[in-house]
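Each chain is listed here by its residues.
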Amino acid sequence: MISPAGNFKFYVASKPVDFRKGMDGLAAIVMNEFELDPFSGALFIFRSKRSDRLKMIVWDGTGLVLIYKRIEGKGFEWPRITDGIITINKSQFEALFEGLDWKRVTARHSRRPVAV
């Protein structure tokens, strides 16, 4: 499992993209359609028309990195298909990448101890 270290921002393109696109084509989508900077260090996640594939691009400081994953079974849990992009947190990304229902992952609220 890929678990990025650091404080990445995670963006998911909710509309499927042409999976023949490479990193330059996906970076162009980030710039032109989402008006975001693909070289910002954020992780951009794209889905195929089939729910069993994803591609990600991220700038690592020296170059653009492309990650491709095909999952076995019923596929990834994707957001409803709409135009645009949504943000998710690191825990949601980890669930998505493993094929779990990332929408059920919520932030844990810590309770402060009560002074007695």
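The structure under discussion appears in the preceding block.
Bear in mind the structure is a predicted one, so any value in this text is a computation, not a measurement.

### Describing the nonpolar core
(1) Moving on: Counting residues in each nonpolar core, the largest one holds 17 residues, and the members touching the most others are Ile-45, Met-56, Ile-88, Phe-93 and Leu-96.
(2) Moving on: For this core, the elements supplying multiple residues, two or more each, are strand E1 (10-13), strand E2 (43-47), strand E3 (53-59) and helix H2 (90-97).
(3) Moving on: With 4 residues, H2 is the single largest residue contributor to this core.
(4) Moving on: Contact partners of Ile-88, with chain neighbours within four places excluded, come to Phe-10, Val-12, Ile-45, Phe-93, Leu-96 and Trp-102.

### A look at the sheet that holds strand E5 (residues 85-88)
(1) Moving on: Across the sheet, 5 strands lie side by side as E4-E3-E2-E1-E5; this open sheet has mixed pairing. Only two strands of the sheet have a single neighbouring strand rather than two, namely strand E4 (64-70) and E5. On average, each strand axis in the sheet is tilted by 25 degrees relative to the strand beside it, whichever way the strands run.
(2) Moving on: Pairing of E2 with E3 involves 5 bridges; the strand directions are antiparallel. Residue pairing across strands places Ile-45 opposite Met-56, the latter belonging to E3.
(3) Moving on: Packing of helix H1 (residues 23-32) onto the sheet brings it into contact with E2, E3 and E4, and relative to E3 it is tilted by some 75 degrees.
(4) Moving on: The sheet contacts of H2 involve E1, E2, E3, E4 and E5, and relative to E5 the element is tilted by about 110 degrees.

### Focus: the packing of aromatic side chains
(1) Moving on: The final tally for this structure, using the stated rule, is 7 aromatic pairs.
(2) Moving on: For the ring pair Phe-8 and Phe-10, a centre distance of 6.3 Å and an interplane angle of 45 degrees mean the geometry is tilted.
(3) Moving on: Take Phe-10: its relative accessible area is 2%, and that puts it in the buried class.
(4) Moving on: Aromatic side chains Phe-93 and Phe-97 sit 5.7 Å apart centroid to centroid with 35 degrees between the ring planes, which places their arrangement in the tilted category. Within this pair, Phe-93 and its partner Phe-97 are both found in helix H2, separated by 4 residues, close to a single helical turn.
(5) Moving on: You can call Phe-93 buried: its relative accessible area is 1%.
(6) Moving on: Aromatic rings pair up to connect Phe-8, Phe-10, Phe-93 and Phe-97 into one cluster.
(7) Moving on: The lysine or arginine in question, Lys-55, covers the ring of Phe-19, its NZ or CZ lying 5.1 Å from the ring centre.
(8) Moving on: Note that Lys-69 overlies the ring of Phe-97, its terminal NZ or CZ placed 4.2 Å from the centroid.

Rules behind the numbers
- Residues numbered from 1 in each chain as written.
- Predicted model: local features only at pLDDT ≥ 70, side-chain atom pairs only at ≥ 80, totals over all residues.
- Heavy atoms only, no water.
- Core = buried A, V, L, I, M, F, W, Y, C linked by side-chain atoms within 4.5 Å.
- Buried < 20%, exposed > 50% of the residue type's maximum accessible area, 1.4 Å probe, protein only.
- Helix = DSSP H or I, 4+ residues; strand = E, 2+ residues; numbered from the N terminus.
- Contact = heavy atoms within 4.5 Å.
- Pairing = 2+ DSSP bridges.
- Axes fitted to C-alpha atoms, helices over the stretch in contact; angles between N-to-C directions.
- Phe/Tyr/Trp six-rings, centres within 6.5 Å; stacked < 30°, edge-to-face > 60°.
- Lys NZ or Arg CZ within 6 Å of the ring centre and 35° of its normal.

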